[in-house]
Amino acid sequence: MVTAVSGFDYRRVQVDDEVTLTVAVGGSGSPIVLLHGFPQTHLMWRHVAAALAAEHTVICPDLRGYGASDKPAARDAGTYAKRTMAADVVTLARELGHRRFALAGHDRGALVAVRAGLDHPEAVSHLAALDVLPTLDMWEILHGVDARVAFHLYLMAQPPGLPEQMIAASPDAFFGYFLDGWGRDPHAIPAEVRAEYLRASREAVPSIVADYRASAGIDVEHDRVDRAAGRSLEMPVSVVQQDWGAALGYDAAALWRAWAPDLEHRTTTAGHFMAEEAPDEIVTALRSLLAR
């Protein structure tokens with residue numbers, strides 16, 4: 001079974017008093033940190049990371065609450081706030097010897113990346129976000145029956161108890177629904193990688209739900225404060241996403257530009273799991289970003 005990025009070294013790095021992250025590190029050169037999405041682990045970057053390692057030090061952690069990283073119980077809303085998870089990433093990079101680094105995230109990891117860029121502009125030199133909108137905008141564009149595509153957001157936004165119980169009752173069916181339905185290339189996630197994603201998610205139901213619950217509460221509050229203060233991402237930003245704006249009736253590039261004045265926005269014909277479905281396209285986009 002594929003459980004590691006080929007050619008990368010693995011280590012455990014403590015990022016706060018109760019959390020140690022598992023991280024794969026490979027290559028040499030200027031650093032780039034790659035953050036995975038849901039319902040995945042750092043393995044989603046296996047193709048992209050190997051390509052980028054020819055020119056860069058590539059750092060691929062499992063986020064807190066996911067994969068082989070620690071999964072603390074959510075004592076309060078802050079435990080899985082993107083602010084907290086972003087601080088994990090900055091500390092991780094610093095512990096590995098990098099005070100400034102490029103940062104790319106997919107899905108949940110992209111939300112962490114955006115928060116890191118807003119909170120730690122001195123640390124993040126370039127930022128890429130794959131197939132998301134900023135948290136506040138995401139909630140604002142979901143209306144009526146079109147919001148059914150994001151039913152999992154509403155389920156996991158509920159108070160602790162029922163969502164965890166429902167998902168844990170049939171975790172492979174729940175997480176497998178997204179792995180099977182969100183991609184366009186059924187061969188992009190081989191059976192053994194899919195099995196690893198399911199195993200990792202099955203063992204992390206409470207922390208995954210806590211991550212999503214934070215995005216319906218404290219993360220929105222943090223975004224509102226930043227929007228009211230006029231804060232934006234100071235570094236070059238690249239966004240690659242499916243053309244959800246056309247499907248749901250909003251201007252995705254305009255929403256992103258409000259947060260990222262130095263923006264390159266592009267759509268892709270790949271599915272949600274674009275780093276696995278179209279790795280060459282994503283490598284090209286990241287190299288273009290790093291050259292800005």
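Please refer to the structure higher up on the page.
What you see is a predicted model, and the numbers here were worked out from it, not measured in a lab. (Residues numbered from 1 in each chain as written. Predicted model: local features only at pLDDT ≥ 70, side-chain atom pairs only at ≥ 80, totals over all residues. Heavy atoms only, no water.)

Undergrad: Please explain the overall build of the chain as it appears in this structure.
TA: Helix and strand content of the chain: 14 helices and eight strands. Taking 2.2 N^0.38 as the reference for a compact globule, 292 residues should give roughly 19 Å; the C-alpha atoms of the chain span a radius of gyration of 17 Å, in line with that estimate. Projected onto the principal axes, the alpha-carbon positions of the chain cover approximately 45 × 45 × 40 Å. In the chain, the proportion of contacts linking residues at least 24 apart, taken out of those at least 6 apart, comes to 76%. Accessible surface computed for the chain: about 11,600 Å², of which carbon and sulfur atoms make up 52%. Here the chain holds 26 positive side-chain charges and 38 negative ones, and the gap between their average locations is 2 Å. (Helix = DSSP H or I, 4+ residues; strand = E, 2+ residues; numbered from the N terminus. Rg over C-alpha atoms; globule rule 2.2 N^0.38 Å. Contact = heavy atoms within 4.5 Å. Areas by Shrake-Rupley, 256 points an atom, 1.4 Å probe, with all protein chains shown as cover. Lys, Arg positive; Asp, Glu negative; His and termini not counted. Charge placed at Lys NZ, Arg CZ, Asp CG, Glu CD.)

Undergrad: In this structure, what is going on with the packing of aromatic side chains? I would like to understand it.
TA: The description of two aromatic rings rests on the distance between their centres and on the angle between their planes. Counted by the stated rule, this structure contains 12 aromatic pairs. Look at Tyr-177 and Phe-178: their rings are 5.2 Å apart centre to centre, the planes differ by 90°, and that puts the pair in the edge-to-face class. With centroids separated by 4.8 Å and ring planes inclined at 55°, the aromatic side chains of Phe-178 and Trp-182 adopt a geometry described as tilted. Judged by relative accessible area, Phe-178 falls into the buried class, the value being 0%. Pairwise contacts between aromatic rings join Phe-38, Phe-151, Phe-174, Phe-175, Tyr-177, Phe-178, Trp-182, Tyr-212 and Phe-273 into one cluster. Positioned over the ring face of Tyr-212 is Arg-108, at 3.7 Å from the centre of the ring. (Phe/Tyr/Trp six-rings, centres within 6.5 Å; stacked < 30°, edge-to-face > 60°. Buried < 20%, exposed > 50% of the residue type's maximum accessible area, 1.4 Å probe, protein only. Lys NZ or Arg CZ within 6 Å of the ring centre and 35° of its normal.)

Undergrad: Even after reading the chapter, I still don't get the sheet that holds strand E1 (residues 9-16), so can you show me in this structure?
TA: By way of backbone hydrogen bonds, the strands of a sheet pair with one another, either parallel or antiparallel. In spatial order, the strands read E1-E2-E4-E3-E5-E6-E7-E8; together these eight strands make up an open sheet with mixed pairing. In the strand order of this sheet, the two ends are held by E1 and strand E8 (263-267), each with one partner. Neighbour-to-neighbour, the strand axes of the sheet open up by a mean angle of 20°, direction not taken into account. In terms of strand pairing, E1 meets strand E2 (residues 19-26) through seven bridges, oriented antiparallel. (Pairing = 2+ DSSP bridges. Axes fitted to C-alpha atoms, helices over the stretch in contact; angles between N-to-C directions.)

Undergrad: I'm lost on the pairing of strand E5 (residues 101-106) in this one. Help?
TA: Two faces, one strand: in a regular strand the side chains alternate between the faces of the sheet. Within E5, six of the six residues are buried, which leaves the element mostly enclosed by the surrounding structure. The two faces of E5 match: Phe-101, Leu-103 and Gly-105 on one face and Ala-102, Ala-104 and His-106 on the other face are all buried. Here four bridges tie strand E3 (residues 30-35) to E5, and the two strands are oriented parallel to one another. Note that in E5 the partner of Val-33 across the bridge is Leu-103. Two elements, E5 and strand E6 (residues 124-130), share five bridges in a ladder whose sense is parallel. Residue Gly-105 lies in a different strand from E6, and its bridge partner there is Ala-129. As for the winding sense of the linkage, the β-α-β connection from E5 through helix H3 (residues 108-119) to E6 is right-handed. (Right-handed = clockwise from strand over helix to strand, strands pointing away.)

Undergrad: What is the right way to look at the nonpolar core in this model?
TA: Within soluble globular proteins, side chains that are nonpolar generally end up buried alongside one another. In terms of nonpolar packing, the biggest core is built from 101 residues, with Leu-34, Trp-45, Val-48, Val-58, Phe-101 and Leu-103 touching the most fellow members. When neighbours within four sequence positions are excluded, Leu-103 is seen to be in contact with Ile-32, Val-33, Leu-35, Val-89, Ala-113, Ala-116, Val-124, His-126, Leu-127 and Ala-128. (Core = buried A, V, L, I, M, F, W, Y, C linked by side-chain atoms within 4.5 Å.)

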